[in-house]
Amino acid sequence: MNTVEHKMITSRNTQFDVLRILLTWFVVLGHINYTGYDPARYAGASQFFILNQNKLLSWIYSFHMPAFMFLSGMLFCVTKYDCIDKIAWDKFKKLVVPAYLLQMFVMIPVKVFTGIVTWEKVIEEYNDLYSGVRGGVYDHLWFMMALFWCCLFFYFPCKFLFHRRKIVIGFFACGFLMKYIPMLPFSDDFYLFKTGLTYLFVFALGWVYHKKSIGQKLKTVYKLLYLVCYLFFIANYHSLEVKNRYVIQVAGILAVTFLSEMINHFCKQQEAVEKIIRFYSKETKYVYYFHVPLLWISVAYLRERFIAETVVWYFLLEVAGCMLLPVLGHRMLALLWYILKIKGKEKCPKDLVSGKEEA
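Thresholds applied
- Residues numbered from 1 in each chain as written.
- Predicted model: local features only at pLDDT ≥ 70, side-chain atom pairs only at ≥ 80, totals over all residues.
- Heavy atoms only, no water.
- Salt bridge = Lys/Arg side-chain N within 4 Å of Asp/Glu carboxyl O.
- Helix = DSSP H or I, 4+ residues; strand = E, 2+ residues; numbered from the N terminus.
- Buried < 20%, exposed > 50% of the residue type's maximum accessible area, 1.4 Å probe, protein only.
- Core = buried A, V, L, I, M, F, W, Y, C linked by side-chain atoms within 4.5 Å.
- Contact = heavy atoms within 4.5 Å.
- Phe/Tyr/Trp six-rings, centres within 6.5 Å; stacked < 30°, edge-to-face > 60°.
- Lys NZ or Arg CZ within 6 Å of the ring centre and 35° of its normal.

Undergrad: Is there a simple way to think about the pattern of salt bridges in this case?
TA: Pairs can form between side chains of opposite charge once their charged atoms are near each other. Enumeration according to the criterion identifies seven salt bridges in this entry. The closest approach of N and O atoms between Arg 278 and Glu 274, which form a salt bridge, is 3.2 Å. Of this pair, Arg 278 and Glu 274 both sit in helix H14 (residues 271-301), separated by four residues, roughly a single helical turn. Residue Arg 278 is classed as partly exposed on the basis of its relative accessible area of 29%.

Undergrad: Teacher, can you tell me more about unusual backbone geometry here?
TA: With the exception of glycine, most residues fall at negative phi, and the peptide bonds are largely trans. Phi angles above zero are rare outside glycine, and Arg 165 is one such case at about 70°. Within the secondary structure, Arg 165 sits in the loop between helix H7 (142-160) and helix H8 (167-180). A positive phi angle, near 50°, is found at Ser 213, a position not held by glycine. Here Ser 213 is to be found in the loop between helix H10 (200-211) and helix H11 (214-217).

Undergrad: Help me understand the nonpolar core in this model?
TA: Grouped burial of nonpolar side chains is what soluble globular proteins tend to show. Counting 94 residues, the largest nonpolar core has Met 69, Phe 76, Phe 154 and Phe 162 as the members making the most contacts within it. Sorting elements by how many residues they give to this core places H7 first, with 14 residues. Dropping the residues within four chain positions of it, Phe 154 is found in contact with Phe 76, Phe 162, Cys 174, Leu 200, Phe 203, Ala 204 and Trp 207.

Undergrad: Which parts of the structure should I look at to understand the packing of aromatic side chains?
TA: For any pair of aromatic rings, the description rests on two quantities: the centre-to-centre distance and the angle between the ring planes. Within the structure shown, the criterion is met by 34 aromatic pairs. Plain terms: the ring middles of Tyr 100 and Tyr 191 are 6.4 Å apart, the flat faces sit at 40° to each other, and that makes the pair tilted. Taken together, the positions of Tyr 100 in helix H5 (residues 84-114) and Tyr 191 in the loop between H8 and helix H9 (193-197) put the pair 91 residues apart, joining distant regions of the chain. Classification of Tyr 191 as buried rests on a relative accessible area of 18%. Note on Phe 176 and Tyr 180: the rings are 4.9 Å apart at their centroids and 40° apart in plane angle, and the pair reads as tilted. Taken as a pair, Phe 176 and Tyr 180 lie in helix H8 at a separation of four residues, close to a single helical turn. Between Lys 179 and the ring centre of Tyr 180, over which it is positioned, the NZ or CZ distance is 5.7 Å.

Shown next, in the form of structure tokens:
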């Protein structure tokens, strides 16, 4: 194994933490909009806020999930796996199993509890979950299934082409897989197999961007200039009539990546800020897992009751709740588990705790 590359990729890098946090926040904002801040329903609320919020979130949806795949490509370390079996099992445990457990025991029960779906729909979703029809996994958890397939299909181009500096051929291979494998003779997106392949190219871009240290080679002034140009672009892209969605995706990915690199540069000078970012970055997966159920509960029981004329404040509270409550819940459960573990050791005889038997 190339220990230098392994250390470079697996070691904590604040830039990855910042990028992960930014993209997780974008997902939360996008899903809050998806649950329905309709200007027609809140006539007395700030129309300026609602309309501009919708523009902001339409911009977020233009690139945020490809950017997640780009980040996953940056973190992908092909030298950790000797064969395809190991990466398949590793990603299955980390992505597919949590997605299915969350769908079965969190997402569907919360839907029933909040009245979002009927029992007939619940049975249909459980059947799809096991059969793989229409992707199997619904809601925001689709990304985990898509990422599983993306990692699996990127293994061979990465190991035999990208890792051996045959980058152009590697991109052609990824393009070939994206175009022709989904044309296999089955119509349904079986366990999101086809969806995962649509992100293979941007996944490869992330790996090359990090492996070739492109961000480090570019000067900060060029990144700032790009961000200024990008701000002008997103402010006028409706009038510019840019119809190629791949151009918009790549432009957004580069913008948020450059922004994370600049924030990372600031964090290195502030030790306390860096520690907070590293702590919160480790908790972002729980924010991703549980923010949608929290939103459904909010929509079902709180939003109509408390929003009234304070749509802006309630929107901000909903965002803060989705970003903080999963973290607090996880830390409280971890603390409870630690206390129970300590008490369990105190109740056991000392010889059992230490593993020694009395003579």
